[in-house]
Amino acid sequence: MLGFMEGTVAEAYIVGAVRSPVGKKKGGLSTVHPTDLAAQTLKALIDRTGVDPAAVEDVIMGCVMQFGPQSMDIARNAWLSAGLPETTAGVTIDRQCGSSQQSIHFAAQGVLSGTQDLVVAAGVESMSVVPMGSSITAALEKGMPFPFGDMWVERYGKQEISQFRGAELMCEKWGLTREELEQFAYESHQRAAKAIANGHFKDQIVPVNGVHDDEGPRPDTTLEKMAALKTLKEGGVITAATSSQISDGSGAVLIASEQAVKDHGLTPRARIHQLALTGDDPVFMLTAPIPATRKALKKAGMSIDQIDVVEINEAFAPVPLAWTKELGADPARVNPNGGAIALGHPLGGTGAILMTKLLNELERTGGRYGLQTMCEGGGQANVTIIERL
């Protein structure tokens, strides 16, 4: 229980969560304008919860490449494109891959503070329409060193700062072999394919552009096929097979106060149990989920064994592998329906998509606590612990 208002315990409830299918690069969602992609998710969230959209006070939307079709405050534009009331404001935020998980945190914090009652937390990214690195490329074309200036170089020196190098550094630090990475990736595809075949995602997805299912999983992939791929770096161990897929997708979550639940006749599906955020080495970049999870568990007075389902973004295979080893988590509870290696990673949309998956899996299995985390650019990580109701 996180918030206090006038001597009483405040709560932030999740009353709705939906997502689009995750489309693969040049797949079924690649011709959809990012604003329309997000708008369809927002409209489905309002329709499914039955809430009066005029009561929603803000739309907080994560989006990483805020460039071209994803610029000009896509949160506001998507809400209006969905035909929803002009009286609701919208803001777009960037915490790199964790952008829409941070949207959930900001929405929950607004409710817990007592200053808001109904907030939509969402995210979107069309990597087919706005390729990763578009904003960086635009800056470089203007002759501006980006994103690091002289003062960064004074602190960290002139060295490669990239997620790809960070993934290789993690493999070196934790002694992870290519074979281990590929076995994990293979399992991700198998879990995802099984989840789709068994209809585990059906109720959480709003079809877009005729696409009903996630397009990324490859149920016919093999370890032999993975072993034949070239590494992304000469002498390295990371390949495309052990990296997250370039994807298109959107997700949206409705956060409500106890008063809003009463006023609008809503049914809480989960409550926000704990929020945490931390930074770590920006050169390694991808390691922050480990200290952030420890911080969240300590704040909550919990052990990892109390967590029934974990969603940790599979940006690269070493991220969940190192996290699982360090936290002593049960691998069977970690990404039980596959992760971004199989299902894709639409950057700013992933946080809300993972929360939708986490909530639905807790409901499907009867689990009580779920934990979500992911690595983020700059060496950061959010952790969200929810309790199913």
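Please refer to the structure higher up on the page.
Each value, and the rule that gives it
All residue numbers refer to position in the chain's written sequence, counted from 1. Where local features are concerned, this predicted model is filtered to residues with pLDDT of at least 70; where side-chain atom pairs are given and counted, the filter is 80 or more; whole-chain, interface and lining totals use all residues. Working from all heavy atoms in the structure, the side-chain values ignore hydrogens and water. Strands here are runs of E lasting at least two residues and helices are runs of H or I lasting at least four, both read from the DSSP assignment and numbered beginning at the N terminus. Two things to know: the radius of gyration comes from C-alpha atoms, and the globule rule equals 2.2 Å times the number of residues to the power 0.38. When checking whether two residues touch, look at their non-hydrogen atoms; a contact exists if any pair is within 4.5 Å. To be clear on the numbers: accessible area is Shrake-Rupley with a 1.4 Å probe, and residue cover counts the displayed protein chains and nothing else. Lines fitted to C-alpha atoms define the axes, with helix axes restricted to the stretch in contact, and inter-axis angles between N-to-C directions lie between 0 and 180 degrees. With respect to orientation, any angle under 35 degrees is reported as roughly parallel, any angle over 145 as roughly antiparallel, any angle of 65 to 115 as roughly perpendicular, and every other angle as oblique. Polar here means any residue outside two lists: the nonpolar Ala, Val, Leu, Ile, Met, Phe, Trp, Tyr, Cys and Pro, and the charged Asp, Glu, Lys and Arg; Gly therefore counts as polar. Salt bridges are defined by distance alone: a side-chain nitrogen of Lys or Arg within 4 Å of a carboxyl oxygen of Asp or Glu. Partly exposed describes any residue whose relative accessible area lies between the buried limit of under 20% and the exposed limit of over 50%, with all areas from a 1.4 Å probe on protein chains only and scaled to the type maximum. Any pair of N or O atoms that falls within 3.5 Å is considered a polar contact. Within protein, one atom must be able to donate a hydrogen and the other to accept it, and sequence-neighbouring residues count only if both atoms are side-chain atoms. Here is the rule: rings of Phe, Tyr and Trp (six-membered ring for Trp) pair when centre to centre is within 6.5 Å. Planes less than 30 degrees apart are stacked, more than 60 are edge-to-face, and the remainder are tilted. Charges are assigned to positions over rings by a cutoff of 6 Å between ring centre and Lys NZ or Arg CZ, combined with an angular limit of 35 degrees from the ring normal. Strands are labelled as partners when DSSP assigns at least two bridges between them. An expected span of 1.5 Å times one less than the residue number is assigned to each helix. Note that the arc is computed from the directions linking the helix axis to the C-beta atoms.

(A) Quick peek at the overall build of the protein. Scanning the protein from N- to C-terminus turns up 13 helices and 12 strands. Relative to the compact-globule value of 21 Å for 389 residues, the protein shows a C-alpha radius of gyration of 20 Å, a close match. Along the first, second and third principal axes, the C-alpha atoms of the protein reach 60 × 50 × 45 Å. Long-range pairs, those at least 24 residues apart, make up 81% of the contacts in the protein between residues at least 6 apart in sequence. With the model as given, the accessible surface of the protein reaches about 15,800 Å², and the carbon-plus-sulfur share is 51%.

(B) Region of interest: the packing of helix H7 (residues 178-197) against helix H11 (residues 318-327). Here H7 crosses H11 at 100°, and the two axes come no closer than 10 Å. On the basis of their axis angle, the class for H7 and H11 is roughly perpendicular. Touching Glu-180, Leu-181 and Phe-184 of H7 are Pro-318, Pro-320, Leu-321 and Lys-325, all from H11. Broken down by class, the residue content of the contact of H7 with H11 amounts to five nonpolar, no polar and two charged.

(C) Up close: the packing of helix H3 (residues 99-112) against helix H13 (residues 350-365). Contact geometry of H3 with H13 gives a least axis separation of 5 Å together with a crossing angle of 70°. Between H3 and H13, the angle is such that the two are roughly perpendicular. Residue-level inspection shows Ser-100, Gln-101 and Ile-104 of H3 in contact with H13, the latter providing Thr-350, Gly-351, Ala-352 and Met-355. Among the residues making up the contact of H3 with H13, the classes are represented as three nonpolar, four polar and no charged.

(D) View of the pattern of salt bridges. This model, assessed by the stated rule, comprises 13 salt bridges. For Asp-214, the salt bridge identified is with Arg-19, shortest N-O distance 2.8 Å. Note that Asp-214 is positioned in the loop between H7 and helix H8 (223-227) and Arg-19 in strand S3 (residues 13-19), a separation of 195 residues in sequence. The exposure classification of Asp-214 matches that of Arg-19, with both residues buried. A salt bridge links Lys-357 to Glu-311; the nearest nitrogen and oxygen atoms lie 3.9 Å apart. Of the two residues, Lys-357 sits in helix H13 while Glu-311 sits in strand S10 (residues 309-312), which places them 46 residues apart along the sequence. A residue is classified by how much of its surface remains accessible, and Lys-357, at 5% relative accessible area, is buried. Overlapping salt bridges, with partners in common, bring together Glu-11, Arg-271, Arg-368 and Glu-387 in one network.

(E) Structural context of the side chain of Thr-384. Its location among the elements puts Thr-384 in strand S12 (residues 380-388). Of note is the side chain of Thr-384, whose polar atom sits 2.9 Å from the side chain of Gln-101. Among the polar contacts made by the side chain of Thr-384, one reaches the side chain of His-105 at a distance of 2.7 Å.

(F) Spatial organisation of the packing of aromatic side chains. Scanning the model with the defined rule gives three aromatic pairs in all. Plain terms: the ring middles of Trp-152 and Tyr-156 are 4.5 Å apart, the flat faces sit at 35° to each other, and that makes the pair tilted. Of this pair, Trp-152 and Tyr-156 both sit in helix H5 (residues 150-156), four residues apart, which is roughly one turn of that helix. A residue is classified by how much of its surface remains accessible, and Trp-152, at 24% relative accessible area, is partly exposed. Judged by its relative accessible area of 24%, Tyr-156 falls in the partly exposed class. With centroids separated by 5.8 Å and ring planes inclined at 80°, the aromatic side chains of Phe-164 and Phe-316 adopt a geometry described as edge-to-face. Highlighted residues: Phe-164 in helix H6 (residues 163-174) and Phe-316 in the loop between S10 and H11, separated in sequence by 152 residues. Through a chain of ring-to-ring contacts, the aromatic side chains of Phe-148, Trp-152 and Tyr-156 assemble into a single cluster. The ring of Phe-201 carries the charged tip of Arg-19 above its face, separated from the ring centre by 4.9 Å.

(G) Up close: the pairing of S3. Counting buried residues in S3 gives seven out of seven residues, a clear majority hidden from the surface. Pairing between S3 and strand S8 (residues 247-256): six bridges, direction antiparallel. Opposite Gly-16, over in S8, you have Leu-254 as the bridge partner. Two elements, S3 and strand S9 (residues 270-279), share two bridges in a ladder whose sense is antiparallel.

(H) Representation of the side chain of His-189 in the model. Tracing the backbone through its elements, the reader meets His-189 in helix H7. A polar contact of 3.0 Å, which involves the side chain of His-189, links it to the backbone nitrogen of Arg-218. Discounting residues that sit within four places of it in the chain, His-189 has contacts with Gly-216, Pro-217, Arg-218, Thr-221, Met-226, Gln-245, Ile-341 and Ala-342.

(I) Examining helix H10 (residues 289-300) more closely. The end-to-end C-alpha distance of H10, which contains 12 residues, comes to 16 Å, matching closely the 16 Å that a straight helix rising 1.5 Å per residue would cover. Taken together, the buried positions of H10 are occupied by Pro-289, Ile-290, Ala-292, Thr-293, Ala-296, Leu-297 and Ala-300. One face of H10 carries all of its buried residues, which in axial projection span an arc of 165°. Those residues of H10 that are buried lie in contact with H6, S9, S10, H11, strand S11 (369-376) and S12. Downstream of H10 by a residue or two, Gly-301 has a phi angle that is positive, lying close to 65°.

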